[in-house]
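Here are the chains, one letter per residue:
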Amino acid sequence: MMHLAIVGSGPAGYYTAEAALKQWGAGARVDVFDRLPVPYGLIRTGVAPDHQSIKAVARRYEATALSDEVRFIGNVTVGKDVSIDELMALYDAVVLATGAPQDRPLDIEGAQLANVFGSAAFVGWYNGHPDFAALAPDLSGTHAVIIGMGNVALDVARILAKTEAEFAGSDIVAHALAALGGKGIRRITILGRRGPHQIMMTPKELAELGKLERARPEIQAADLPDAEADAALDPGQRKSVALLREFAAASGSEKPIAIAFDFFASPVRLIGEGGRVTGVDVERNALDGETAVGTGEVRRLPANLVVSCIGYRSSPIDGVAFDARGGRFANDGGLIAPRLYCVGWARRGPSGTIGTNRPDGFGVIERIAAEVVPDAAKPGPAGFDALAGERGIDIVTFRDWRRIEAAEVAAARQGAPREKFVAIEDMIAARGTG
Ligand code: NAP
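Quantities reported herein were computed from a predicted structural model and do not represent experimental measurements. (Residues numbered from 1 in each chain as written. Predicted model: local features only at pLDDT ≥ 70, side-chain atom pairs only at ≥ 80, totals over all residues. Heavy atoms only, no water.)

## Notes on the overall build of the protein
Quick reminder of the rule: Secondary structure is summarised from DSSP: a helix means a run of H or I of at least four residues, a strand means a run of E of at least two, and numbering begins at the N terminus for each. The globule rule used for comparison is 2.2 Å times the number of residues to the exponent 0.38, while the radius of gyration itself is calculated over C-alpha atoms. By the convention used here, residues are in contact when the closest approach between their heavy atoms is within 4.5 Å. Areas reported here follow the Shrake-Rupley algorithm with a probe of radius 1.4 Å; residue values treat only the protein chains shown as occluding. Here the positive residues are Lys and Arg and the negative ones are Asp and Glu; neither His nor the chain ends is included. Note on charges: their place is set at NZ of Lys, CZ of Arg, CG of Asp or CD of Glu.
From N to C terminus, the protein includes 15 helices and 19 strands. The globule rule puts the C-alpha radius of gyration for 434 residues at 22 Å, and the 23 Å found for the protein is close to it. Structurally, the protein occupies a C-alpha span of about 70 × 45 × 40 Å along its principal axes. Residue pairs in contact within the protein that sit at least 24 positions apart in sequence constitute 74% of those at least 6 positions apart. Carbon and sulfur atoms form 52% of the exposed surface of the protein, whose accessible area is close to 18,200 Å². Charge-centre separation for the protein: the mean point of 47 positive side chains lies 2 Å from the mean point of 54 negative side chains.

Written out as structure tokens, the structure is:
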């Protein structure tokens, strides 16, 4: 019997569990741990609340979670409630699928000012992540600046610009819906340190900016390279740049909120008054090949809110080798140490789509099948249950989660799929006793 512990119940975790079922069927027992009492990681608290079709992939994870060989063990923090060494002693192999929940730090003067947030915090706030539900960003100002030109920047710009009606059918949490709705904000500037050809935004997500009720993308045609140069781009990037060209040509609409793309612009310092951000000093860059080089020319943008969307880092775990520069576990093709593996963003860093994690999960299971010989002396799940019992760890099971989920569905406002609990105590209370 192969006893497997997977740490993290997001896409990487559940695709790995799915792969284990394919590999060993009834010959495996898989425990999927999560520090929250609720599963699905990034699907629940990272994917934008108005992207319900992407969130629907959770149904696939549910099918895996409901199989006899797989258990969900929520409300357990590995590294605190149970150590990696303890898991290694109980299971044949341990796979870290813990994602990249921390913001890459914005390393400039003023980054600590009030109303400056990293995207993990800001996205976590509007998605009801318990760590960030109390963030209370002040959205009453007119100017927001978003740093970075990836899909997360697009999510944040779109969420800031949408009207209340445009959140119909989303599962945006009540506290965020009350604060958003495009009430105060009039200008959302997206800062890119490089040019239109170097954006990290994908076409489907970029196209959504052109369809907003009260907001319009604003792009200076002068920032766009000659059209012939687009031929050298890969097809996806060419589509994205074609959209930028469409947006540039369509400017002049009457919509009151501008989403301005500010290219070749690096933030060098955040300015504040009374401890609160009021502006961003931005240096003009030139491109040397694909690299941004500062020109020394600095201008000041007004900013009442700053959200930096410049990527993420994994959280280290005591006793596990960490690559501090890369912000992920030190690993060789997913192998950290004998019988200890990592997968998804914890392995490769924060890139790719949700689906990228599927081959990742299948790849790590292939390695485990080739490298790990099950040890009959490892107690697996029964051993963990004994340890949890001794320690009085309050485990949340998948059955508990389904009660929590039912309570969230029952509490949904009209047209919404659910109203999430945002406090861990409320999640735990909602599992009831049945
Ligand atoms: P990303 O795609 O890596 O984009 C990060 C952006 O931040 C880049 O434009 C980068 O510019 C910029 N940046 C990095 N460091 C910077 C600095 N110090 N100063 C200024 N700019 C800086 O990351 P992401 O947007 O966080 O997305 C993470 C992953 O999730 C991506 O794979 C993304 O596609 C995926 N995602 C997908 C969806 C979706 O499909 N709907 C939604 C959200 C996220 P340079 O290029 O110059 O480094």
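## Some points on the packing of helix α1 (residues 11-24) against helix α12 (residues 357-371)
Selection rule: Note on definitions: angles span 0 to 180 degrees between N-to-C directions of axes, and those axes are lines fitted to C-alpha atoms, for helices only across the stretch in contact. To sort the angles, those under 35 degrees are grouped as roughly parallel, those over 145 as roughly antiparallel, those from 65 to 115 as roughly perpendicular, and the leftovers as oblique. When the near helix sits turned anticlockwise from the far one by under a right angle, the crossing is termed left-handed; a clockwise turn instead gives a right-handed crossing.
Direction vectors running N to C along α1 and α12 enclose 45°, while the axes themselves pass 8 Å from each other. As summarised for this structure, α1 and α12 are arranged oblique, according to the angle between their axes. Our pair here, α1 against α12, has a crossing hand that is right-handed. On α12, the residues touching P11, A12, Y15, T16, E18, A19, A20, K22, Q23 and W24 of α1 are N357, R358, G361, F362, V364, I365, I368 and A369.

## Section: the site of the ligand
To be explicit about the condition: In these notes, residues near a molecule or strand are those with any non-hydrogen atom within 4 Å of it. Polar contacts, as counted here, are pairs of nitrogen or oxygen atoms within 3.5 Å of one another; within protein the pair requires one atom able to donate a hydrogen and one able to accept it, and residues that are adjacent in sequence qualify only if both atoms are side-chain atoms. When residues are sorted by character, Ala, Val, Leu, Ile, Met, Phe, Trp, Tyr, Cys and Pro go into the nonpolar class, Asp, Glu, Lys and Arg into the charged class, and all the rest, Gly among them, into the polar class. Residue ranges for the domains originate in an automatic or database domain assignment.
If you check the shell around the ligand, you find 21 residues, and the closest are M149, N151, R193, R194 and G352. Between the ligand and the protein, one listed contact pairs an oxygen atom with a backbone N or O atom of C309 at 3.4 Å. Protein contacts shield 80% of the accessible area of the ligand, which totals 930 Å² for the unbound molecule. No other element matches helix α7 (residues 151-161), which puts 3 residues into the shell around the ligand. Residues belonging to the shell around the ligand are distributed by class as follows: 10 nonpolar, 6 polar and 5 charged. Residue contributions to the shell around the ligand reach at least three from each of two domains, namely domain 1 (2-101 + 314-396) and domain 2 (104-312).

## Side note on the sheet that holds strand β12 (residues 276-288)
Worth spelling out the cut-off: The rule for pairing is simple: two strands pair if DSSP sees at least two bridges between them.
The strand order across the open sheet built from 3 strands is β11-β12-β13, with neighbouring strands paired in antiparallel fashion. A single partner strand is all that each edge strand has here, and the edge strands are β11 (265-273) and β13 (291-302). Going across the sheet, the axis of each strand differs from the next one's by a mean of 20°, ignoring polarity. For β11 and β12, the ladder comprises 8 bridges, and the chain directions are antiparallel. Across the sheet, the residue bridging to P267 is V282, located in β12.

## Some points on the environment of G13
Along the chain, G13 turns up in helix α1. Every residue in contact with G13, bar those within four places of it in the chain, is listed here: I6, G8 and A97.

## Overview of the sheet that holds strand β9 (residues 215-218)
Across the sheet, 6 strands lie side by side as β6-β14-β7-β8-β10-β9; this open sheet has parallel pairing. At either margin of the open sheet sits one strand with a lone partner, and together these are β6 (116-118) and β9. Adjacent strand axes in the sheet meet at a mean angle of 20°, parallel and antiparallel pairs treated alike. In this sheet, strand β10 (residues 257-262) lies alongside β9 in parallel orientation, the contact comprising 4 bridges. Pairing of R216 across the sheet is with A258, part of β10. Running over the sheet, helix α6 (residues 119-126) touches β6 and β14 (305-308) and is turned about 90° from β6.

## Here's the deal with the domain arrangement of the protein
Put simply, the rule reads: Once two parts are brought into contact, the accessible area they lose, counted with a 1.4 Å probe and summed over both, makes up the buried area.
As far as domains go, the protein holds domain 1 (2-101 + 314-396) and domain 2 (104-312). The interface of domain 1 with domain 2 comprises 16 residues on the first partner and 18 residues on the second. Where domain 1 abuts domain 2, roughly 1,400 Å² becomes buried across the two surfaces, and 52% of that area is made up of carbon and sulfur atoms. On the domain 1 side of the interface with domain 2, the three residues burying the most area are T45, P49 and D50, jointly 37% of the side's total.

## Things to note about the pattern of salt bridges
The following threshold applies: For this analysis, a salt bridge means a side-chain nitrogen from Lys or Arg found within 4 Å of a carboxyl oxygen belonging to Asp or Glu. Residue exposure (1.4 Å probe, protein chains only): buried if accessible area is under 20% of the type maximum, exposed if over 50%, otherwise partly exposed.
With the rule as written, the count across this model stands at 32 salt bridges. Linking R35 and D131 is a salt bridge whose minimum nitrogen-to-oxygen distance equals 2.5 Å. Of this pair, R35 sits in the loop between β2 (28-33) and α2 (42-45) while D131 is found in the loop between α6 and β7 (143-147), placing the two residues 96 residues apart along the sequence. Judged by its relative accessible area of 39%, R35 is partly exposed. Given a relative accessible area of 42%, D131 falls into the partly exposed group. Of the charged contacts, one joins D394 and R431 as a salt bridge, the two residues approaching to 2.7 Å between their closest N and O atoms. A residue pair is termed long-range when its members are at least 10 positions apart, and D394 in the loop between α13 (381-391) and α14 (398-410) and R431 in the segment after α15 (424-430) qualify at 37 residues. By relative accessible area, D394 is classed as partly exposed at 37%. Given a relative accessible area of 13%, R431 falls into the buried group.

## Quick look at the nonpolar core
The condition is simple: Nonpolar core, defined: a set of buried Ala, Val, Leu, Ile, Met, Phe, Trp, Tyr and Cys residues in which side-chain atoms within 4.5 Å join the residues together.
Membership of the largest hydrophobic core comes to 46 residues, with the highest contact counts inside it found for F122, L160, I188, I259 and F261. The element contributing the most residues to this core is α7, with 7 residues. Contacts of F122, omitting those with residues within four sequence positions, involve F117, L135, P137, L139, V156, L160, L305 and V307. Counting residues in each nonpolar core, the second largest holds 41 residues, with A19, L36, V57 and A97 among its members.

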